[in-house]
Amino acid sequence: MRWHLGWLAAARLGVAALVAVMSAPALAHPMPNTEISISLGADSAVFDVAVPAPELRLALPQPWARTADLLAEPQRSAVAQYFDAHFSVRAAGGVEVPHVVRSITRWEAHDPDVGSYEELRLRIEAPPAPGFDPRNFSLQYSAVIHQVPNHFALVYLNRDFYAGRIANQGPVEFGVIRYDFSRDAIPAFEVTMASGSLWRGLWAAVSLGFMHVLGGLDHLLFLASLLIVAPLRAQGGRGWQWSLFQGWPYTARRFLGISLAFTLGHSLSLLLGAYELVHVPRILVEIAIAGSVLLAAVHAIRPLFAGQEWKVAAGFGLVHGLAFSETLTGAGLGHLTQALTVLGFNLGVEGAQLVAMACAVPLLYVSRWRWFHVLRIALMAITVVLALIWIADRSVPAFHVNTRIAQRVGQLDFDASRFAAGDILQMQRGPREHLQTSLEHAPGGADARLVLVETLRR
Amino acid sequence: MNRIPVSAAAIPLLGCACLLLAQQPPGPPGAGGGPPGGLGPIPSYYTNRSVPLGAVDTVAADRACTARGHAKLVCLADLLKKDLSPELLARLQLPYSVKDAGKWSNFPPIVYRDRVGVTLGEMSPAQEGIVKSLLKEATGIAVGEGYDEIEQILNADDFLKDTTRNPGFASGNFQIAFLGTPAAKGTWQFYFGGHHLQFSSTYRDGAMIGATPSFRGVEPFTQIKQNGRDNAPMAQEHAAFATALVALSPAEQSRAKLSQTYTDIIVGPQREGTYPGTKAGVRVGDLSQDRRALLLRAIETYVGDIDPPDAATFLAKYRKELADTYVSFSGTPSLTAENDYVRVDGPSLWIEFSMQPGRLVPGIHPHSVWRDRSADYGGNK
């Protein structure tokens, strides 16, 4: 079962990133070459460019290029201008469409054959523009290559909304941009995608939302713990005990109220999170979710906030929604794509919630039986144990995340055997750490997770 | 009111079953192995064993095959094939194929995994002796060239093995193969290579028809002691080129200087035929006799890596084409700084020498290739 120690967190947090690493293209060459990941939205495209700084420094024309901090001003602006000049997107008719260098960040990359080196990552966006079809354009990219002609850029396809690749499923190899010595020029890279459809993207978002909730036991247990007391009323001295079935009108009112409150809560924060209007560190969200499961389960054993369940559902719904939204951030693919993705994803989440609610219905039926107390307490006791495990499991990396943030980019100094590689990857915030080659060099039968951990610690 | 309508509960229960199924883990990461075409673990035929060629005894092999030249190569090849197990023989003797011939690299087998052939590490001392004798007969005899250069490049990998503690660098991980059957008739290629080394001599009906692509590199570039001797296999190539470039007049140097920067060679492994459309630099025919001679001396350090009679044939061809050959460089003419680069581009001849940053040990290290536009892989496509 997935709720194995560490697996829920690891699976939901990190598997996407891990898979991205595992399936990194065979084309990858252990040289400090450039990598360009292209994401195609409904009406825009995003280019994530990773450039080895030592090679970039050879190509920048400025006298400070070899030694200066490339991210300090005025160098940063000069670097942005340089990429602006060596990057262009042309629509099918040959008309250049606008692009913008959105961000430049610095990373430490590691390669077994090259060692550690400084890497700049740029996000360049081609926003919606008249005549621009993100499924049919040509990319003229010449940064570094124009001056260092043996340098080349591997091109990957990351997301493709119309083909249903909406999340970080791991880049696939797309091609390579190289200097053509016979013509003394750098050929344009043609992007011509088979026709996809808006519905494929939307449906992919629905499936993603649906599976995200159904695959996440913590979300389900939270809702189930609240719904199990829907037919009951707090009673006894100071309301410290749960009654039995209180009739269908009472049950239905509370059942739907709690469900609706949860829906409103997580829909709101999903929206805020997906548009990056709110950002809470993921690890805190995960701990809060585990805490919400604990609270709801304890409440279902002994009433803590009887009659106020809908408020808890709404409040923690906000937290659960933030976790949902993590999957949808960082695409930078423009409003149309993001809106369709969020819409589809939320529909999927609601669908999954309906399934979960349907599962709670048998509990409503049996809630009139005398032994229901035993069943309820047994189920909730298991839930409490699970929630405690999750809290402990998720708190370990949280402690280390703080040290990690303090170091920004650098070595990880934690006891790597304590938690899954997925978590570590998550902390690295980005799958492109040249881990693939390390995995490949590992002795046969080696634990892939430990290899990743070793690589990250090096 | 106390009876449970079973049918009403069935649907939700079915939903719950689906829900439980959805909780199955997606499989542990890595269970699926690497991507198709990925490297995977290093194959067992890379034994990571050191085989210092200098200590290998060739007396028995030389006694068994007393002929010279191609006849000796055929005799030694037959001797080796007779002595190998069927499993090794199947990897040693391959059909002639330009595709397999193209499977070479500057990378060690830790990184590049497509090489064909049997490794030295898999062989008995007698078999190692036959391979050494083959190499000596097929390559040049000058100190620091031909066989001696190869021995030093293998020693350098043992040095890297000791310094980096990465066992994947080892002289025993170099590979030998025969592409096509060595015989008096027919086409075959003597394939020997590994990290920083590719030797590919092609023969047809007993005559050499191609000595290239011929790749050499070494890290570190500085002279090192390893396997009981001093090793600096690329020192002569470097010195010859630096002398030839420094001797150019300032005007010639400025004409020879390339505006672009080269951090590696451009017609490297798996980059067949990617030559520039126009020749850059200074035309050798426009240089003085002395400067032409210095350049020819540099060319000799490459052509001298094959047996003397065949080397003489190739050198005669390149001498004839020398006037229309161009030389160019990037960086400094002394070729001692990172990314210093020199290129010789003739009607047939192509040589690149690239001085790169150290990858495994501090310092610099060269990559270099000798190619022939018409005779690479014996002119076969």
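Position numbers for residues start from 1 in each chain and track the written sequence from start to end. Each chain is given a letter, starting from A, and each ligand a number, starting from 1, according to the order in which they appear as written. Confidence filtering applies because this is a predicted model: local features only for residues at pLDDT of at least 70, side-chain atom pairs given and counted only at 80 or more, and all residues used for totals across whole chains, interfaces and linings.

Visitor: If you had to explain the overall build of chain B to someone new, which residues and values would you point to?
Guide: Numbering goes from the N terminus for both helices and strands, where a helix is a DSSP run of H or I of at least four residues and a strand is a run of E of at least two. From N to C terminus, chain B includes 11 helices and 14 strands. Counting other C-beta atoms within 10 Å of its own, a residue is labelled buried from 20 upward, exposed at 12 or fewer, and partly exposed in the gap between, with every C-beta atom placed from the backbone. The buried share among the 381 residues of chain B stands at 49%. Here contacts are defined at the residue level, using C-beta atoms placed from the backbone and a cut-off of 7 Å between them. Partitioning the intrachain contacts of chain B with sequence separation of at least 6 by distance along the chain shows that 68% fall at a separation of at least 24.

Visitor: Describe the overall build of chain A, naming the residues involved and giving the relevant values.
Guide: Along the backbone of chain A there are 13 helices and 12 strands. Burial statistics for chain A: of 458 residues in total, 49% are counted as buried. For chain A, restricting intrachain contacts to residue pairs at least 6 apart in sequence, the fraction spanning at least 24 positions comes to 79%.

Visitor: Give me helix α10 (residues 289-303) of chain B: which residues, what numbers.
Guide: Expected helix span is taken as 1.5 Å per residue step, with the number of steps being one fewer than the number of residues. A rise of 1.5 Å per residue sets the reference length of α10 of chain B, with its 15 residues, at 21 Å; its end C-alpha atoms lie 20 Å apart and thus fit the reference within 8%. Buried residues of α10 of chain B: Leu295, Ala298, Ile299, Glu300, Thr301, Tyr302 and Val303 of chain B, and no others.

Visitor: Tell me about helix α8 (residues 235-246) of chain B, and name the residues and values.
Guide: Residue and element names in this part refer to chain B. A rise of 1.5 Å per residue sets the reference length of α8, with its 12 residues, at 16 Å; its end C-alpha atoms lie 16 Å apart and thus fit the reference within 8%. Glu237, His238, Ala240, Phe241, Ala242, Ala244 and Leu245 are the residues of α8 that are buried. Packing partners of the buried residues in α8 comprise α10, β11 (326-330), β12 (341-345), β13 (349-357) and β14 (364-372).

Visitor: Lay out the domain arrangement of chain B with the relevant residues and their values.
Guide: Size of an interface, as often reported, equals the accessible area lost when the parts are brought together. Residue and element names in this part refer to chain B. Boundaries between domains were set according to an automatic or database domain assignment. When the domains of chain B are assigned, the result is domain 1 (53-210) and domain 2 (235-369). The C-alpha centroid of domain 2 is placed 26 Å from the C-alpha centroid of domain 1. With 19 residues of domain 1 in contact, the opposing surface of domain 2 contributes 17 residues. Of all elements in the fold, only α6 (125-138) and α7 (146-164) reach the threshold of two or more residues within the side of domain 1 that touches domain 2. Looking at side-chain class alone, the side of domain 1 that touches domain 2 contains 6 nonpolar, 10 polar and 3 charged residues. Gly counts as polar in this scheme, as do all residues outside two lists: the nonpolar Ala, Val, Leu, Ile, Met, Phe, Trp, Tyr, Cys and Pro, and the charged Asp, Glu, Lys and Arg.

Visitor: Break down the domain arrangement of chain A for me, with residues and values.
Guide: Residue and element names in this part refer to chain A. Per the domain assignment, the segments making up chain A are domain 1 (31-196) and domain 2 (199-404). Once you take the C-alpha centre of each, domain 1 and domain 2 turn out to be 41 Å apart. Contacts between the two partners involve 19 residues from domain 1 and, on the opposite side, 15 residues from domain 2.

Visitor: Talk me through the sheet that holds strand β3 (residues 87-91) of chain A; I want residue IDs and the actual numbers.
Guide: Residues and elements named next belong to chain A. Pairing within the open sheet is antiparallel, and its 4 strands lie in the order β4-β3-β7-β10. Each end of this open sheet is capped by a strand with a single partner; those strands are β4 (96-97) and β10 (189-192). Two strands pair if DSSP finds at least two bridges between them. By the bridge criterion, 5 bridges tie β3 to strand β7 (residues 136-141) in an arrangement that is antiparallel. Looking at the pairing, Ala91 lines up with Phe137 of β7.

Visitor: Can you break down the environment of Asp133 of chain A residue by residue, with the values?
Guide: All names here are of chain A. As for its placement among the helices and strands, Asp133 is situated in the loop between β6 (115-126) and β7. A C-alpha to C-alpha distance of 19 Å links Asp133 and Val101, two positions 32 residues apart in sequence. Not counting the four nearest positions on each side in its chain, Asp133 is found in contact with Ala91 and Ala92.

Visitor: Quick one: what's the story with the pairing of strand β7 (residues 214-217) of chain B, residue by residue and with numbers?
Guide: Residue and element names in this part refer to chain B. Burial along β7 is two-sided: Ser214 and Arg216 and Phe215 and Gly217, pointing in opposite directions, are all buried. Sheet analysis places strand β5 (residues 197-204) next to β7, joined by 2 bridges and oriented antiparallel. In the sheet register, Gln198 faces β7, and the bridge partner there is Phe215. Where β7 meets β14, 4 bridges bridge the pair, whose relative direction is antiparallel. Paired with Gly217 across the two strands is His367, which belongs to β14.

Visitor: For the confidence of the model for chain B, give the residues involved together with the corresponding values.
Guide: The predicted coordinates of low-pLDDT regions are not to be read in fine detail. All names here are of chain B. Averaged over all residues, the pLDDT of chain B is 90; the fraction at 70 or higher stands at 90%. A residue's pLDDT is the confidence the predictor assigns to it, expressed on a 0 to 100 scale. Taken as a whole, residues 1-9 scores under 50 in pLDDT and shows 4 contacts with residues more than four places along the chain or in a different chain. Considering only residues more than four positions removed or in separate chains, one finds that residues 24-38, a stretch of pLDDT under 50, has 26 contacts. At the level of chain-chain contacts, confidence expressed as ipTM amounts to 0.86, with global pTM at 0.77.

Visitor: Which residues make up the environment of Glu145 of chain B, and what values do they have?
Guide: Here Glu145 of chain B shows up in the loop between α6 and α7. Contacts of Glu145 of chain B, omitting those with residues within four sequence positions, involve Gly140, Gln236, Thr301, Gly304 and Asp305 of chain B.

Visitor: Break down the packing of helix α4 (residues 198-214) of chain A against helix α9 (residues 334-366) of chain A for me, with residues and values.
Guide: Residue and element names in this part refer to chain A. Only the contacting stretch of a helix is used when fitting its axis, a line to C-alpha atoms as for every element, and angles between N-to-C directions run 0 to 180 degrees. The N-to-C vectors of α4 and α9 enclose an angle of 40°; their axes lie 6 Å apart at closest approach. The angle between the axes of α4 and α9 places the two elements in the oblique class. Judged by the twist between their axes, the crossing of α4 over α9 is right-handed. Along its contact with α4, which presents Leu198, Gly201, Leu202, Ala205, Val206, Ser207, Leu208, Gly209, Phe210, His212, Val213 and Leu214, the element α9 presents Leu340, Thr341, Gly344, Phe345, Asn346, Leu347, Gly348, Val349, Gly351, Ala352, Gln353 and Val355. The residue inventory of the contact of α4 with α9, partitioned by class, reads 14 nonpolar, 10 polar and no charged. By definition in this entry, angles of less than 35 degrees are roughly parallel, angles greater than 145 are roughly antiparallel, angles of 65 to 115 are roughly perpendicular, and the rest are oblique. The hand of a helix crossing depends on one turn: near helix anticlockwise from the far one by less than a right angle means left-handed, and clockwise means right-handed.

Visitor: Tell me what's going on with the packing of helix α6 (residues 248-274) of chain A against helix α8 (residues 309-326) of chain A, and back it up with residues and numbers.
Guide: Residues and elements named next belong to chain A. As a packed pair, α6 and α8 sit with axes 6 Å apart at the nearest point and diverge in direction by 35°. Crossing geometry of α6 relative to α8 is assigned as right-handed. When its residues are assigned to classes, the contact of α6 with α8 shows 13 nonpolar, 11 polar and 2 charged.

Visitor: Which residues make up unusual backbone geometry, and what values do they have?
Guide: In the segment running from Glu73 of chain A into Pro74 of chain A, the intervening peptide bond is cis, with an omega of 5°. With respect to the element layout, Pro74 of chain A can be found in the loop between α2 (53-59) and α3 (75-85). Residue Pro220 of chain B is reached from Glu219 of chain B by a cis peptide bond, and omega for that bond is 0°. Within the secondary structure layout, Pro220 of chain B lies in the loop between β7 and β8 (224-226). A positive phi angle, near 65°, is found at His196 of chain B, a position not held by glycine. Within the fold, His196 of chain B resides in the loop between β4 (187-194) and β5.

Visitor: Quick rundown of the pairing of β12 of chain B? Include the residues and the values.
Guide: For a regular strand, the rule is simple: side chains alternate between the two faces of the sheet. Residues and elements named next belong to chain B. Here β12 lies mainly inside the structure; 5 of its 5 residues are buried. In β12, alternate side chains face the same way, and those of Tyr341, Arg343 and Asp345 on one face and Val342 and Val344 on the other are all buried. Where β11 and β12 come together, 5 bridges link them in antiparallel fashion. Note on β12: the bridge partner recorded for Ser328 is Arg343.

Visitor: Residues and numbers for the environment of Trp248 of chain A, please.
Guide: All names here are of chain A. Mapped onto the elements, Trp248 comes out in helix α6. We classify Trp248 as exposed; it has 11 C-beta atoms within 10 Å. Separated by 116 residues in the primary sequence, Trp248 and Leu364 have C-alpha atoms spaced 9.1 Å apart.

Visitor: Explain the nonpolar core residue by residue, including any values.
Guide: The biggest cluster of nonpolar side chains holds 105 residues, and the ones touching the most others in it are Ala143, Leu226, Leu227, Ile258 and Val293 of chain A. Among the elements that make up this core, the one with the highest residue count is α9 of chain A (11 residues). When residues of this core are assigned to domains, at least three fall in each of domain 1 (31-196) and domain 2 (199-404) of chain A. If near-sequence neighbours (up to four positions away) are discounted, Val293 of chain A is found in contact with Asp218, Leu221, Phe222, Ser225, Thr383, Ala387 and Trp390 of chain A. Linking buried Ala, Val, Leu, Ile, Met, Phe, Trp, Tyr and Cys residues through C-beta atoms within 7 Å yields a set, and such a set is a nonpolar core. Formed by 89 residues, the second largest nonpolar core is a distinct cluster that contains Ala101, Tyr262, Leu335 and Val369 of chain B.

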